Amino acid sequence: LRSEIPDSARDLAFRLSFTFGTFSRSMIDVLGALDPKVNMSGEAFDMLVGPWIEQVTKGRYRVSPLLFDQGKQVFSAEEIRRFHAAICIGYLREQTSLTQNEVSHLFMHGIFSRDGDVLMMIVQGTMNNLFETSKHEVMKYVAEELFWFYLIGREKETKIFPENLPVSYTHL
């Protein structure tokens, strides 16, 4: 990847490597706008579609398995947390309704961002979406999809976010 594409496309590819599931082109704007900005992010993205980014349906894309999570080799832990937070915000902006998989992905990005505000936005957005649509039966499926969330911090005295105690959970 390093020698095959221009720097802007490579930087965008590594940022996108943190996404789970599918995303739309609006995610390019969200990730490309983070400092340092990706110049001409739309054009850079077009260079990636094919070998590095798969088009799933019209307007929906996903990262190729070859690229998934490769940004860990390039970015610092703080940059990666910022990307996960931005991905959450990007998904919440573009989605009017969320599938159970998308909700699970949002929570994973929220945990990886280590940003309590973002995690609370996900909780509020998810609950509002479920209650507004009166799809209470969907809650069962969302709960099943989020089984892993319960396991975080289950060991005695473990905190999810030790640096942010109000968001952390301590198992008593």
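See the structure shown above.
Residues numbered from 1 in each chain as written. Predicted model: local features only at pLDDT ≥ 70, side-chain atom pairs only at ≥ 80, totals over all residues. Heavy atoms only, no water.

Quick word on the packing of aromatic side chains
Evaluation of the coordinates by the stated rule reveals eight aromatic pairs. Ring geometry for F23 against F45: centres 6.3 Å apart, planes inclined by 70 degrees, an arrangement best described as edge-to-face. With a gap of 22 residues between them, F23 in the loop between helix 1 (7–16) and helix 2 (26–32) and F45 in helix 3 (residues 41–48) connect regions that are remote in the sequence. Its relative accessible area of 0% is what places F23 among the buried residues. An angle of 35 degrees between the planes, with centres 6.3 Å apart, marks the rings of F23 and Y61 as tilted. Taken together, the residues span a long stretch of sequence, with F23 in the loop between helix 1 and helix 2 and Y61 in strand 2 (residues 60–63) at a distance of 38 residues. Residues F23 and Y61 agree in their burial class; the two are buried. Aromatic rings pair up to connect F18, F75 and F83 into one cluster. (Phe/Tyr/Trp six-rings, centres within 6.5 Å; stacked < 30°, edge-to-face > 60°. Helix = DSSP H or I, 4+ residues; strand = E, 2+ residues; numbered from the N terminus. Buried < 20%, exposed > 50% of the residue type's maximum accessible area, 1.4 Å probe, protein only.)

Examining the packing of helix 1 against helix 3
How two helices pack is summed up by the angle between their axes together with the distance between the axes. Where helix 1 contacts helix 3, the axes come no closer than 8 Å and their chain directions differ by 75 degrees. It follows that helix 1 is roughly perpendicular to helix 3 by the angle criterion. For the pair helix 1 and helix 3, the contacting residues are S8, A9, L12, A13 and L16 in the first and S41, A44, F45, M47 and L48 in the second. In terms of residue class, the contact of helix 1 with helix 3 is made up of eight nonpolar, two polar and no charged. (Axes fitted to C-alpha atoms, helices over the stretch in contact; angles between N-to-C directions. Parallel < 35°, antiparallel > 145°, perpendicular 65-115°, else oblique. Contact = heavy atoms within 4.5 Å. Nonpolar A, V, L, I, M, F, W, Y, C, P; charged D, E, K, R; others polar.)

A closer look at the packing of helix 4 (residues 77–94) against helix 5 (residues 100–113)
Axis separation between helix 4 and helix 5 bottoms out at 7 Å; the angle between their running directions is 150 degrees. Classified by the interaxial angle, the pair formed by helix 4 and helix 5 is roughly antiparallel. Relative to helix 5, the crossing made by helix 4 is left-handed. For the pair helix 4 and helix 5, contact is made by R81, H84, A85, I87, C88, Y91 and L92 and by L106, H109, G110, F112 and S113, respectively. Broken down by class, the residue content of the contact of helix 4 with helix 5 amounts to seven nonpolar, four polar and one charged. (Left-handed = near helix turned anticlockwise from the far one by under 90°.)

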